[in-house]
Amino acid sequence: MSDRVRGVVTLGLVLLVSGACVPLDDFMGNVFGRSMRDQRSFDPYENTLLPPEGTVPMAAGNYPAGHFDTNVGQPEGSSDVPPPFTQLDMTNRPEVVDSLTNPVPATAESLVRGEQLYERVCIVCHGPDGAGTTGYIFEVHPALAAYPLTGEVAVARSDGYLYGMIRVGRALMPAYGHQISHYDRWHIVNYVRQMQGLGPGSGEADGGDGETAPPEGEVN
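Residues numbered from 1 in each chain as written. Predicted model: local features only at pLDDT ≥ 70, side-chain atom pairs only at ≥ 80, totals over all residues. Heavy atoms only, no water.

Notes on unusual backbone geometry
Put simply, the test is: Here a strand is any run of E in DSSP of at least two residues, a helix any run of H or I of at least four, and the numbering for each starts at the N terminus.
Of note, Ala-171 is a non-glycine position whose phi angle comes to about 55°, a positive value. Secondary-structure assignment places Ala-171 in the loop between α8 (159-168) and α9 (182-195).

A few points about the nonpolar core
For clarity, the cut-off: Buried Ala, Val, Leu, Ile, Met, Phe, Trp, Tyr and Cys residues that are joined via side-chain atoms within 4.5 Å together make up what is termed a nonpolar core. Three labels apply to residues, based on accessible area from a 1.4 Å probe with only protein chains included: buried if under 20% of the type maximum, exposed if over 50%, partly exposed otherwise in between. Throughout, a contact is declared for two residues whenever any of their heavy atoms are within 4.5 Å.
Ranked by size, the top nonpolar core spans 25 residues in total, and within it Met-90, Tyr-118 and Ile-188 carry the most contacts. Ignoring sequence-local partners within four residues, the contact set of Ile-188 consists of Gly-114, Leu-117, Tyr-118, Cys-122, Ile-166 and Ile-180.

Regarding the packing of aromatic side chains
Threshold: Two rings belonging to Phe, Tyr or Trp (six-membered ring only in the last case) form a pair when the distance between their centres is within 6.5 Å. Interplanar angles under 30 degrees mark stacking, angles over 60 mark edge-to-face geometry, and anything in between is tilted. Two limits define a charge over a ring: the Lys NZ or Arg CZ must be within 6 Å of the ring centre, and within 35 degrees of the ring normal.
On inspection of all chains with the given rule, the structure shows 2 aromatic pairs. Aromatic side chains Tyr-118 and Tyr-191 sit 5.5 Å apart centroid to centroid with 55° between the ring planes, which places their arrangement in the tilted category. Of the two residues, Tyr-118 is situated in helix α5 (residues 108-126) and Tyr-191 in helix α9; the sequence distance between them amounts to 73 residues. With a centroid separation of 4.4 Å and 20° between ring planes, the pair formed by Tyr-163 and Trp-186 is classed as stacked. Taken as a pair, Tyr-163 in helix α8 and Trp-186 in helix α9 lie far apart in primary sequence, 23 residues in all. Taken as a pair, Tyr-163 and Trp-186 share a single burial class, namely buried. Sitting over the face of the ring of Tyr-161, Arg-157 holds its NZ or CZ atom 4.0 Å from the ring centroid.

A closer look at the confidence of the model for the protein
To keep things clear, this is the line we draw: Each residue carries a pLDDT score, the predictor's confidence in it, ranging from 0 to 100.
Taken as a whole, the protein shows an average pLDDT of 75; of its residues, 66% reach a score of 70 or greater. α8 holds the highest mean pLDDT among the elements of the protein, 94, whereas helix α1 (residues 3-19) holds the lowest, 63. Note that pLDDT drops below 50 for residues 201-220; the model gives that stretch 37 contacts with residues more than four away or on any other chain.

Examining α9
Rule in force here: In this scheme, a helix's expected span is set at 1.5 Å multiplied by one less than its residue total.
Given a rise of 1.5 Å per residue, 14 residues ought to cover 20 Å, and the 21 Å separating the end C-alpha atoms of α9 matches this to within 8%. Buried within α9 we find His-182, Tyr-183, Asp-184, Arg-185, Trp-186, His-187, Ile-188, Val-189, Asn-190, Tyr-191, Val-192 and Arg-193. In this structure, the buried residues of α9 make contact with α5, α7 (152-156) and α8.

Thoughts on the pattern of salt bridges
Two side chains bearing opposite charge may form a pair once their charged atoms approach each other closely. The test is simple: Any Lys or Arg side-chain nitrogen found within 4 Å of a carboxyl oxygen on Asp or Glu counts as a salt bridge.
Counted under the stated rule, the structure contains 3 salt bridges. The closest approach of N and O atoms between Arg-113 and Asp-184, which form a salt bridge, is 2.8 Å. With Arg-113 in helix α5 and Asp-184 in helix α9, the pair connects residues that are 71 residues apart, well separated along the chain.

Observations concerning α5
Put simply, the rule reads: In this scheme, the bend at a residue equals the angle between the axes fitted to the seven residues that finish there and the seven that begin there.
In this model α5 runs just 22 Å from its N-terminal to its C-terminal C-alpha over 19 residues, more than 12% under the 27 Å that 1.5 Å per residue would give. Maximal helix bending in α5 amounts to about 50°, located at Glu-119. Of all the positions in α5, only Glu-109, Ser-110, Leu-111, Arg-113, Gly-114, Leu-117, Tyr-118, Val-121, Cys-122, Ile-123 and His-126 are classed as buried. Of the surrounding elements, those touching the buried residues of α5 are α6 (136-140) and α9.

So this is what it looks like as structure tokens:
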């Protein structure tokens, strides 16, 4: 093969793999019957998967050391983070979450933080009043009414069950444990209890003694 022919072939191959990827992809699709440009894509939260059984989560900014601390890479420092559990555990062994004790007093600061997070993450489905039919999703898709957080069933749930719903999800609700930290989940629980009429002084959200703990610092 002459140098000229070799150069033309080389140039053709370079153009084919660099500047002509669409024709190449079409060619591969014709040969093998499929193309990377023609494939099924999942919608957000459509195919969420739980971690494999037996795996152990690593600290990744989700376990701050205190109620209002921000994780900046320090050791977890908290002994009240529940071990991993799944939606199936919540269904078949509800004691796994019902036995959890809310470590965050329902102080004014906690309720403010809980409201901030609720409006940031939860309000789109559950609505500003927690009714489920007032969420923004319901306005677009009425068939996707969220679970009513102020209904009798939700009111009767334990704090730990509500925490578990946030952490691992429930039915159509996806898991939010990857983006809502351990203590922030409890802040949301406290705020939901206030929405349910079980706020500070009710003996429910404040741990049962009817008293509210003093403020614990600024909300991050």
